[in-house]
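Descriptive structure summary
As a plain string of letters, each chain reads:
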Amino acid sequence: MHEEIHLTKDLQAVPAIELRGIGKRFPGVIANHDIDITITSGTIHALVGENGAGKSTLMKILYGVQKPDSGTIAVNGHQVSLSSPSDAIAIGVGMVFQHFMLADNFTVLENVVLGAEKIAGIGDDARNRIRQISDDYGFDLDPDDLVEDLGVGERQRVEILKVLYRGAKIIILDEPTAVLVPQEVDALFDNLRELKDQGHTLIFISHKLDEVLSVADDITVIRKGTTVASVKPAEVNARQLAELMVGSVLPSPSTEGSTVTDKVLLEVIDLELDDATGRPELVDIDFAIHAGEILGIAGVEGNGQTELVETIIGMRRQARGTIMLAGEEISEWSTRRRRETGVGYIPEDRHRHGLLLDAPLWENRILGHQTRPPSVKGPFLNPPGAKADTGRIVSAYDVRTPGITTTARALSGGNQQKFIVGREMSSDPILLIASHPTRGVDVGAQAAIWGHIKRARKAGLAVLLISADLDELIGLSDTIKVILRGKLVATFDPQSVTPQHLGSAMTGADAISEERS
Amino acid sequence: MSRWMRLGLPVAAVVLALVFSGVVATLVLLFTGDDVVGFWRVLFTWPSERDLVDIINMTAILYLSGAAAAIGFRMNLFNIGVEGQYRLAGLFAGAFAAQGLLPGKLNVAAAILVAMAVGALWAGIAGVLRVWRGVSEVISTIMLNAIAGSLIGFLLVKWGESTGNARNTKMMPEDSWTGFFRLFPDVSDGAYHLSLLAPLVGIAFFILVYYTRFGFDLRAAGASESAAVSSGVSVKKMIVVSMLLSGAVAGLIGVPMMFSEAHQYGSAFQTGLGFTGIAVALLGRNHPMGIAFGALIFAFLGQQANLLNILAGVSPDIVNMTQGIIVLSVVIAFEVIRRLATRIEQRQVATQLDAERQGDTALKGASA
Amino acid sequence: MSAPVASTAPVTTPSSQWQRRLRVRNLTLIAIVGFALLSLVRVITGAQELTSAGTIQAALTSSIPIAMAGLGGLWSERAGIVNIGLEGMMILGTFGAGYFGYHYGSIAGILGAIVLGMIGGLLHGIATVYFGVDHIVSGVAINIIALGAAGFLAETYFTGLEGGGPTQSPPLPAPMTINVDFLDNPLASIEAKQWFFVSDFAGLLRVFVNDLPVLTILCLALFVLTFWVLWRTKFGLRLRSCGEEPAAAESLGVNVYNYKMIAVVISGGLSGLGGAFLAMVASSGFQVGQTGGRGYIGLAAMIFGNWRPGGLLLGSGLFGYTQALPLRREATVSIHALLLLVAILLLLVAAYQLWRKNTLQAVSGAVFGAAFLVWYLSTDVVPSDFTKMAPYVTTLLVLALASQRLRMPKADGLVYRRGSAG
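Predicted model, so just to flag it, every value in this text is computed and none were measured. Along each chain, residues carry numbers from 1 onward, in the same order as the chain's sequence is written. Chains carry letters from A onward and ligands carry numbers from 1 onward, assigned in written order. Residue-level local features of this predicted model are given only where pLDDT is at least 70; pairs of side-chain atoms are given and counted only at 80 or more, and the full residue set underlies all totals for whole chains, interfaces and linings.

1. A word on the overall build of chain B
Heads up, the condition is: Here a helix means four or more residues in a row that DSSP labels H or I, a strand means two or more in a row labelled E, and each is numbered from the N terminus. Partly exposed residues are those whose C-beta has more than 12 but fewer than 20 other C-beta atoms within 10 Å; with 20 or more the residue is buried, with 12 or fewer it is exposed, and the C-beta atoms are placed from the backbone. For the purpose of contact definition, each residue receives a C-beta atom placed from its backbone, and two residues are in contact when these atoms lie within 7 Å.
For chain B, the count of helices and strands is 14 helices and four strands. For chain B, buried positions account for 52% of its 368 residues. Contacts in chain B between residues at least 24 apart in sequence constitute 76% of all its contacts with a sequence separation of at least 6.

Have a look at this one:
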């Protein structure tokens, strides 16, 4: 056994995990290629990168949820092939997902032992074991508490306890601080350090650079599906990390003349929103968009963009503050009334909010516009009108579809999105809310959609653009604001913003907000 | 998806289900040693003229019942309370008509409105409970059915009069009696005049669901609540309005028979039609034409079933059982076919677009 | 993408174990207080039949089928399958008891009923779990099938049998009962004394020592067994996880489809057993239409009991009692006395709400309580139709008022596709 041969070496030298040449592709997209990572035992190793950089796919490979197309995985010196999470669990790898897999109505005990009842039963033995683990690592969890009553930080600790209970020595955490407030983040990091001291190896995926720098021993940067750097926190500062993450080459902004006018079309004043338990989702939001202006909101997902969009479209009536559309206060208006007055909406999740998947394309033309021509005539629907207009949209926006009676579900994402853009533009809106308008869309469709938005801007449209794609933000926006934890923290001019500043503001590495105009 | 596929697949599902149910019924009969051949012979005998009349009337009634249930189903609301709604509505309509407050046919029209209002109200309770307190309309409508039963008993005691063992509401004045459309010279009765309500409701249903803004909102909310909300639909309002409409149509179920035949509410009032209506709606896929087809099938089967005992020595309940099997197999068949259709269509679109893309690259290559 | 669940500031809540003990104690307390109030009303109004042994026995007999249907519903819904078809499965059970009971004896009758109920459950499971059919639609279809099947089979097999006919089975052998005679006499004499609470309690006990059907004991035992299996075993934990968070369960290696199928088949069996009780104990044989909606009432009792066996039992008792009372002698007197009971209950509730400083609810409780009191004082008789409504109106009220406190299994009714995890 090669274990004995290596006895003379420092035991720590056997890396906990070694990934060499990992590659994975999905139809149409290369998620990972040439990934090389060495994770030392008994350390906290951070994997940083933007959304879509390929971190999650990589972790799924490591946990057995996906199989890599190429490359090798070695755990504690042994090459392994993982075909399911059970394989990973068997070799001591545990994963804490970003979206917790917990049953609210069950106790901590029940959630932890489910599926692992043979370890210590489901009664007092298990209870004691859980208490033991909780005490050992300072989790402060009572096995008989209902998960529903626990705060987010505690739930996360339950997920960690789940993997520890099953004997994990290597723990992967996917964006663990995405849902925590600062105090909970500190508590989590204390737990992680405690785990490290007890000999566990922790891998932690994040894009929050300040946090990564404070707790990690090693950092690997992933960009566009591959590993680009491997550094130690002492060697870099946040700005440099940000630069590595977003790449020092930024897309050059549009060189067209400005079309921004003086006329304010959307004004948001003192907007605030709390969720059902009182946790703030939007804080002190103030901005205005003029006719002919595209305001881009940059930010890492989960910082309030969805809430902002849903509030402006009218789906979050419990928000406080004022929203003015073309000088009229619309804060109390229903979604329908807002849309009728001229607010177009390209939703982030087109399948859930933008389309009736099992309905033909021409019926989807009506969706969102079912009170206005050409879809209606008085109180009646106007199928011929809707069909004709659908045909027009299909050709004007280059929607590739066999026909207008094709079910929406059958179209590709890009064509669905082009159709939605065409539909929303067709009602001649004065304000367009575009949330990730080119997500999941092929390059050709993306360029087309950008072209349509720019043309509409020239004609006086005001656009609120939410995006995680820096190309898109910089290329389209007249002004960029950054949202972080529900607050607008920075304003930039796309003509002169640097990647470091943008990245820092998005990730909170830079506490100072700069304004350049 | 092509028009033919959109129409053809549901039809295929129904045909498959019918065949399957027929097979099951045959197997059951073989198992119990009954006269299988006789059973099928009776089922396929062309009905007598008397029976045809009954079938037509029952089709109309079941159509109303199915439409009532279908309106709710469109919104994913299960109005199991059609039974209680139509019985209560019948009682109130009968009692109202008996008062003779208005002359002649005006009385009938007013009574119809009363029936619709009572049905709507009774269903509305469930709708409000659902929207306001989150009470499942399945349980609340079932409870309301039972409450309606007791309430009817109580009101009949108060308002009605006894004839022998039966309690009925008072007889309506004769000028409020509706008659029959004579269909055959040898048959004294015919189709109830008010069975015309069925096609009227059908047309209204069709126009409402497919050609009005409300109908679009209804279908959208039933298909994808999230998309509907984003498009401006108020789901709570839709739930209440749907239940009200469903109940209003339910109220009409007992009306044709009562005004043409019994002229009062009571022991002659046919019960159980609410539940059959649910089956009809499911069979007809909640579509105005489909429900007509389903109502016809169930009415036909129900009528032929009466003859089974006499002519083949088979218990008519086999037909009831088969009706249930038809419903179950139809919904299963629809699920299976739906999944199949989605996959076929996606493949179709993919191949077509691939071809287009090839054509494009070829062009690009040519021009490069 | 964004935060999965909102965070709450960590609240000190009593640990679940304490909550569980609290629950059992609460239920017994409610039962005792309810019984005491009933007894009080009996003493005040002189309506002896409210708590006589005869009434209690009739109530028990009426409750058991409802309870079994509710228990069946509990098993099914705890695994995430809504089972509206309980009524149909109970109908199959009544037929099974009638057929097998007549030809092969009581035990065969019980087994036959259970098996036929299970077949119904199997059908429902296949449709909902494997084909992804909507649960309610499948349940409704099964009810139609079962009704037709039972009617058909009854006419086929019972016609021409002595005592039987197209819509009923011949009389079945009397159910096995247990007698504890030596206790019955002293209890009877205590009961006759008509003392507050003690005599009533004696009447209650008499029911359990006098001709208690073994089937009743079996059914009640199944409640205890259900609690133990679902909440104290690994099997039960996994089953419940399928109804709470099937994606999490699958991610931890639980075969969700299997557990759902098992649960729904057991659910059918329990309803079938309820049907057996109905045919063999509550009646003298199978009869078409025997179930009379008990399957649905059982579901209501299950919701009333918050998807737990204890509450379900209490709810079934309540519904069974209100079903049985109008059929007893001196019914109008008893029912009239119930008005006073309701008035007292509402006023107590109002007082409690006042103590909790919920003024609006206290006032409405007081108003309704006063209304019932006035109704009681100003009338001598309540139309029996209104008592018959009582269980249903109660269900609606409970569901409407307590909707926030009731907690159904989180994934109940969800059409789950395997592979939705991760």
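Now that the structure has been shown, we can carry on.
2. Details of the interface of chain C and chain B
Basically, it comes down to this: Put simply, Ala, Val, Leu, Ile, Met, Phe, Trp, Tyr, Cys and Pro go in the nonpolar bin, Asp, Glu, Lys and Arg in the charged bin, and everything else, Gly too, in the polar bin.
Across the boundary between the two partners, chain C contributes 38 residues, which contact 35 residues of chain B. At the level of secondary structure, the elements contributing two or more residues to the side of chain C that touches chain B comprise α5 (135–158), α12 (294–304) and α16 (384–401) of chain C. Counting residues per element, the side of chain C that touches chain B draws most heavily on α5(C), which supplies 15 residues. In terms of residue class, the side of chain C that touches chain B is built from 27 nonpolar, eight polar and three charged.

3. Here's the deal with the sheet that holds strand β11 (residues 264–274) of chain A
Sheets are built from strands that pair by backbone hydrogen bonding, the pairs being arranged parallel or antiparallel. Residues and elements named next belong to chain A. Selection criterion: For two strands to count as paired, DSSP must find a minimum of two bridges between them. In this analysis, axes come from line fits to C-alpha atoms, helices being fitted only over the stretch in contact, and the angle between any two N-to-C directions falls in the range 0 to 180 degrees.
Read across the sheet, four strands follow the order β12-β11-β14-β15 without closing on themselves; strand pairing throughout is antiparallel. Two strands bound the open sheet, and with one partner strand each, they are β12 (280–290) and β15 (328–329). Strand direction decides the pairing type here: strand β14 (residues 320–325) and β15, joined by two bridges, are antiparallel. Bridge pairing in β15 places L325 opposite E328. With respect to the sheet, helix α11 (residues 305–313) is in contact with β11, β12 and β14, its orientation differing from that of β12 by roughly 60°.

4. Observations concerning the domain arrangement of chain A
Residues and elements named next belong to chain A. Put simply, the rule is: Domains are outlined according to an automatic or database domain assignment.
The domain boundaries assigned to chain A delineate domain 1 (2–246) and domain 2 (264–352 + 428–507). Placing a centre on the C-alpha atoms of domain 1 and another on those of domain 2 gives a separation of 34 Å. Contact residues are listed per partner, giving eleven residues for domain 1 and ten residues for domain 2. If you tally residues by element for the side of domain 1 that touches domain 2, the top one is helix α10 (residues 238–246), at six residues. Considered class by class, the residues forming the side of domain 1 that touches domain 2 number six nonpolar, two polar and three charged.

5. A short note on the packing of helix α8 (residues 213–223) of chain B against helix α10 (residues 235–250) of chain B
All names here are of chain B. How we decide: Here roughly perpendicular refers to angles of 65 to 115 degrees, roughly parallel to angles under 35, roughly antiparallel to angles over 145, and oblique to all remaining angles.
With their axes 11 Å apart at the nearest point, α8 and α10 run at an angle of 110° to one another. Looking at the two axes, α8 sits roughly perpendicular to α10. Where α8 approaches α10, its residues D217, L218 and A221 are matched on the opposing element by V235, M238 and S242. For the contact of α8 with α10, the residue count by class is four nonpolar, one polar and one charged.

6. Notes on the domain arrangement of chain B
All names here are of chain B. When the domains of chain B are assigned, the result is domain 1 (1–34 + 316–355) and domain 2 (49–313). Computed from C-alpha coordinates alone, the two centres of domain 1 and domain 2 are separated by 28 Å. Contact with domain 1, which involves nine residues of that partner, is made by eleven residues of domain 2. Broken down by element, the side of domain 1 that touches domain 2 gets its largest block of residues, seven residues, from helix α14 (residues 317–367).

7. What to know about the interface of chain B and chain A
Across the contact, 25 residues belong to chain B and 32 residues belong to chain A. Contributions of two or more residues to the side of chain B that touches chain A are made by α8, α9 (225–230) and α14 of chain B. Broken down by element, the side of chain B that touches chain A gets its largest block of residues, seven residues, from α14(B). Its residues assigned to classes, the side of chain B that touches chain A comprises nine nonpolar, eleven polar and five charged.

8. A few points about the nonpolar core
Here is the rule we go by: Each nonpolar core reported here comprises buried Ala, Val, Leu, Ile, Met, Phe, Trp, Tyr and Cys residues connected via C-beta atoms within 7 Å.
Core analysis: the largest hydrophobic core is formed by 393 residues, its most contacted members being A:I433, B:L64, B:V330 and C:F277. With 16 residues, helix α11 (residues 256–282) of chain C is the single largest residue contributor to this core. Not counting residues up to four positions away in its chain, the partners in contact with B:L64 are B:L197, B:A198, B:V201, B:V249, B:L252 and B:I253.

9. Some words on the confidence of the model for chain B
Residue and element names in this part refer to chain B. What counts here: Per residue, pLDDT measures the predictor's confidence, with a range of 0 to 100.
Here chain B averages 86 in pLDDT, and 94% of its residues register 70 or above. The element-level mean pLDDT for chain B is lowest in α14, coming to 75, with α10 highest at 94. pLDDT under 50 marks residues 364–368. Its contacts with residues more than four places away, or in other chains, come to zero contacts. Quick note on the complex model: pTM equals 0.83, ipTM equals 0.86.

10. As for helix α7 (residues 197–211) of chain B
All names here are of chain B. The test is simple: For a helix, the expected span equals 1.5 Å multiplied by the number of residues minus one. What the arc measures is the spread of directions leading from the helix axis to the C-beta atoms.
Under the 1.5 Å per step criterion, the end-to-end length of α7 is 20 Å for 15 residues, consistent within 8% with the ideal 21 Å. Those residues of α7 lying buried are L197, A198, V201, G202, F205 and V209. Considered in projection along α7, the buried side chains sweep an arc of 135° and stay on one side of the axis. On its buried face, α7 is in contact with α3 (49–74), α8, α10, α11 (255–262) and α13 (288–312).

11. Section: the pairing of strand β3 (residues 44–48) of chain A
Residue and element names in this part refer to chain A. Among the five residues in β3, five count as buried, and that is most of the element. Every second residue of β3 is oriented toward a common face, with I44, A46 and V48 on one face and H45 and L47 on the other, all of them buried. Bridge count for β3 against strand β9 (residues 218–223) is four bridges, and the pairing is parallel. Bridge pairing in β9 places A46 opposite I219.

12. As for the packing of helix α2 (residues 36–44) of chain B against α13(B)
Residues and elements named next belong to chain B. What counts here: Here a crossing is taken to be left-handed if its near helix is turned anticlockwise relative to the far helix by less than a right angle, and right-handed if that turn runs clockwise.
In contact at an axis separation of 9 Å, α2 and α13 are set at 140° when each is read in the N-to-C sense. The angle between α2 and α13 falls in the class oblique. Once α2 is placed against α13, the crossing between them reads as right-handed. Contacts from G38, F39, V42 and L43 in α2 reach Q304, L307, L308, L311 and A312 in α13. For the contact of α2 with α13, the residue count by class is seven nonpolar, two polar and no charged.

13. Some thoughts on the sheet that holds β3(A)
Residue and element names in this part refer to chain A. Pairing is mixed across the open sheet formed by six strands, whose spatial order is β6-β7-β8-β3-β9-β10. Edge strands, defined here as strands with exactly one partner in the open sheet, are β6 (93–96) and β10 (226–231). The mean angle between the axes of side-by-side strands here comes to 20°, regardless of whether they run parallel or antiparallel. As paired strands, strand β7 (residues 170–174) and strand β8 (residues 201–206) are joined by five bridges and run parallel to one another. The partner of I170 across the bridge, within β8, is T201.

14. Points about the pairing of β10(A)
Residue and element names in this part refer to chain A. Alignment of β9 against β10, held across five bridges, turns out to be antiparallel. Residue I222 lies in a different strand from β10, and its bridge partner there is T227. In this structure, the hairpin formed by β9 and β10 is closed by a connection of two residues, where K224 is found at a positive phi of approximately 50°.

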